[in-house]
Amino acid sequence: MILLHLLLVVLLGLQSAPADVCKVLAPEIAQSYQGGCKKGLAHGRGKATGVNTYEGNFVKGLPHGIGKYIWENGSYFDGMWKSGKREGKGVYFDAIKNTTITGIWKNDRFVKSSNAPLARETRFQVLMQRGIDRVRFVRIGEGNRVLFKFSEMSGQRPVQNLWIDGTSGHYDERGGQISFENIAFPFEGRIRFSALTKLKTGIVDCEIRFVINEPGLWEFTLAY
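### Points about the layout of surface pockets
Reasoning step 1: By volume, the second largest pocket amounts to about 180 Å³.
Reasoning step 2: Taken together, Ala-26, Glu-28, Ile-29, Leu-62, Pro-63, Tyr-69, Trp-71, Trp-81, Ser-83, Gly-84, Arg-86 and Asp-108 make up the full set of residues lining the second largest pocket.

### Brief notes about the state of the cysteines
Cysteine pairs can be linked by a disulfide, which is a covalent bond between their two sulfur atoms.
Reasoning step 1: Counted by the stated rule, this structure contains one disulfide.
Reasoning step 2: Shown here is the disulfide that connects Cys-22 with Cys-37, its sulfur atoms set 2.3 Å apart. Taking the torsion about the S-S bond as the criterion, the Cys-22 to Cys-37 disulfide, at about 115°, is right-handed. One end of the pair, Cys-22, is in the loop between helix H1 (2–16) and strand S1 (32–38); the other, Cys-37, is in strand S1, with 15 residues separating them in the sequence.
Reasoning step 3: Exposure remark for Cys-37: the relative accessible area of 42% places this residue in the partly exposed category.

### Description of the pattern of salt bridges
Reasoning step 1: Tallying each qualifying case throughout the model produces twelve salt bridges.
Reasoning step 2: For Asp-108, the salt bridge goes to Arg-86, with nearest N and O atoms at 3.0 Å. Pair noted here: Asp-108 is in the loop between strand S7 (99–106) and strand S8 (109–113) and Arg-86 is in strand S6 (residues 85–94), with a separation of 22 residues, a long-range link.
Reasoning step 3: Classification of Asp-108 as partly exposed rests on a relative accessible area of 28%.
Reasoning step 4: A salt bridge links Lys-149 to Glu-219; its shortest N-O distance comes to 3.1 Å. Remark: Glu-219 occurs in strand S17 (residues 216–223) and Lys-149 occurs in strand S11 (residues 144–151); sequence separation between them is 70 residues.
Reasoning step 5: For Lys-149, a relative accessible area of 42% translates into the label partly exposed.
Reasoning step 6: Residue classification places Glu-219 among the buried residues on the basis of a relative accessible area of 15%.
Reasoning step 7: Through salt bridges with shared partners, a single network forms among Arg-130, Arg-190 and Glu-207.

### Observations regarding the side chain of Glu-219
Reasoning step 1: Among the polar contacts made by the side chain of Glu-219, one reaches the side chain of Lys-149 at a distance of 3.1 Å.
Reasoning step 2: Leave out the neighbours within four places in its chain, and Glu-219 touches Arg-136, Phe-137, Val-138, Ile-140, Leu-147 and Lys-149.

### Quick notes on the packing of aromatic side chains
Reasoning step 1: Taken as a whole and assessed by the stated rule, the structure comprises 23 aromatic pairs.
Reasoning step 2: Centre to centre, the rings of Tyr-69 and Trp-81 are 5.5 Å apart; their planes meet at 35°, and the pair counts as tilted. Placement of the pair is Tyr-69 in strand S4 (residues 62–70) and Trp-81 in strand S5 (residues 76–82), with a sequence separation of twelve residues. The pair Tyr-69 / Trp-81 is uniform in exposure class, with both members buried.
Reasoning step 3: Taking the centre distance of 4.4 Å and the plane angle of 10° together, the rings of Phe-137 and Phe-220 count as stacked. Taken together, the residues span a long stretch of sequence, with Phe-137 in strand S10 (residues 134–141) and Phe-220 in strand S17 at a distance of 83 residues. Judged on exposure class, the residue Phe-137 and its partner Phe-220 are both buried.
Reasoning step 4: Taken together, the ring pairs connect Tyr-33, Tyr-54, Phe-58, Tyr-69, Trp-71, Phe-77, Trp-81, Tyr-92, Trp-105 and Phe-110 into an aromatic cluster.
Reasoning step 5: When the ring centre of Trp-163 is taken as origin, the NZ or CZ atom of Arg-192, which lies over that ring, is 4.2 Å away.

### A few points about the confidence of the model for the protein
Reasoning step 1: Residues with a pLDDT of 70 or more make up 88% of the protein, whose mean pLDDT is 86.
Reasoning step 2: Note on residues 1–19: pLDDT under 50 across the span, and zero contacts to partners over four residues away in sequence or across chains.

Cut-offs and rules
- Residues numbered from 1 in each chain as written.
- Predicted model: local features only at pLDDT ≥ 70, side-chain atom pairs only at ≥ 80, totals over all residues.
- Heavy atoms only, no water.
- 1 Å grid on protein atoms, 1.4 Å probe; cavity = no way out; pocket = protein on both sides within 12 Å on 5 of 7 lines; lining within 4 Å.
- Points joined across faces, edges and corners; volume = space filled by probe spheres on them.
- Disulfide = S-S within 2.5 Å.
- Helix = DSSP H or I, 4+ residues; strand = E, 2+ residues; numbered from the N terminus.
- Buried < 20%, exposed > 50% of the residue type's maximum accessible area, 1.4 Å probe, protein only.
- Salt bridge = Lys/Arg side-chain N within 4 Å of Asp/Glu carboxyl O.
- Polar contact = N/O pair within 3.5 Å; in protein donor to acceptor, adjacent residues only side chain to side chain.
- Contact = heavy atoms within 4.5 Å.
- Phe/Tyr/Trp six-rings, centres within 6.5 Å; stacked < 30°, edge-to-face > 60°.
- Lys NZ or Arg CZ within 6 Å of the ring centre and 35° of its normal.
- pLDDT = per-residue confidence, 0-100.

Have a look at this one:
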């Protein structure tokens, strides 16, 4: 009887637990969600709807990166977000006044008008790096790809145990070229690998996390 009771408790617990739940933490767009998910929260490219609608990049359940937010009355903001708030360059259309503002926002408030392109620090960002000397991002054309290059001076310390992951697209390796193809921007990537130390006396573990906000064909070089 005790075993039967425990079995019923487990089964009831499983039935009551929702499957594949991915939460959006902004109540106005939390009714439904389709897109990337990480640890139960919206993460990566996605679309969330409720009273209002948002389509773009999410981090930890909130709009973060480039995305378009549309209010119930038809007004919208298309630009940079940080932790659910407007932060950086964007375009705001006021449906009631029928006016458009292009400029810079800070902590969800309009700061100043600006027609300049995205600044370097918002086009791409290094979120974390370890065991890597330098990184170089170059936008070399239009597209939706990132090409990866690894650079070291001696030519005798090849990359080992390479692992690359991203919020969209797929890994590709052919003709000696490593890339992520068919990605959606903002693209957040993570790279891990190991290599001999510069004195070749041991192994160093290298890791980097980065985000690229501006669409295009990008070349990303890591020096280690």
